[in-house]
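Observations on the three-dimensional arrangement
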Amino acid sequence: QVQPVESGGGWVQAGGSLRLSCAASGRTFSKGWFRQAPGKEREFVAVITGSGYTDYVDSVKGRFTISRDNAKNTATLQMNGLKPEDTAVYYCAVRASGGLSRDPSTYVYWGQGTQVTVSS
């Protein structure tokens, strides 16, 4: 089952933490997180390859950590130091190949999204 299923969104005060999980098979496929705030375009957040290489958008570096457990077919986004500007619907996406990509058009499978709300 490659179709991603996200969990773990919710509401948190600024400075708090949330942990998002994505269940999706594909041990060699790169898995990414994107987000979309109201009235804005979908934005790349982070990606991890099957080998564990990672890439992050500058605005989350040092605060967010992406990881994966290939045995459990999960990818996790640990979000610390959350800010109101992190408020968005977060989507897990899976490529049909490896590599680091920030381009959403290179991702084939998308989850339904999970809401993250950070209050000031």
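Data block above holds the structure.
Owing to the predicted nature of the structure, the values given are computational and were not obtained by experimental measurement.

About the criteria used
- Residues numbered from 1 in each chain as written.
- Predicted model: local features only at pLDDT ≥ 70, side-chain atom pairs only at ≥ 80, totals over all residues.
- Heavy atoms only, no water.
- Buried < 20%, exposed > 50% of the residue type's maximum accessible area, 1.4 Å probe, protein only.
- Helix = DSSP H or I, 4+ residues; strand = E, 2+ residues; numbered from the N terminus.
- Pairing = 2+ DSSP bridges.
- Polar contact = N/O pair within 3.5 Å; in protein donor to acceptor, adjacent residues only side chain to side chain.
- Axes fitted to C-alpha atoms, helices over the stretch in contact; angles between N-to-C directions.

With that settled, the discussion passes to the pairing of strand β5 (residues 43-48). By the criterion of burial, β5 is predominantly enclosed, with five of the six residues buried. Of the strand pairs in this sheet, strand β4 (residues 31-36) and β5 are connected by five bridges, and their pairing is antiparallel. Paired with Arg35 across the bridge in β5 is Glu43. As consecutive antiparallel partners, β4 and β5 are separated by six residues, and within that stretch Gly39 has a phi angle of approximately 80 degrees, a positive value. Where β5 lies against strand β6 (residues 54-56), three bridges are found, and the strand directions are antiparallel. Bridge pairing in β6 places Ile48 opposite Thr54. Joining the antiparallel neighbours β5 and β6 is a turn of five residues, in which Gly52 adopts a positive phi near 100 degrees.

With that settled, the discussion passes to the environment of Asp103. Its place among the elements puts Asp103 in the loop between β9 (88-94) and β10 (109-110). The exposure class of Asp103 is partly exposed, given its relative accessible area of 37%. A C-alpha to C-alpha distance of 9.0 Å links Asp103 and Glu43, two positions 60 residues apart in sequence. A distance of 2.9 Å separates polar atoms of two side chains, one belonging to Asp103 and the other to Ser105.

Strand order in this open sheet of four strands is β1-β3-β8-β7, and the pairing throughout is antiparallel. Both edges of this open sheet fall to β1 (5-7) and β7 (64-69), since each of them pairs with a single strand only. When strand polarity is set aside, the average angle formed by the axes of neighbouring strands in this sheet is 15 degrees. Examined bridge by bridge, strand β3 (residues 18-23) and strand β8 (residues 74-79) share six bridges and lie antiparallel to one another. Counterpart to Ala23 in the pairing with β8 is Thr74.

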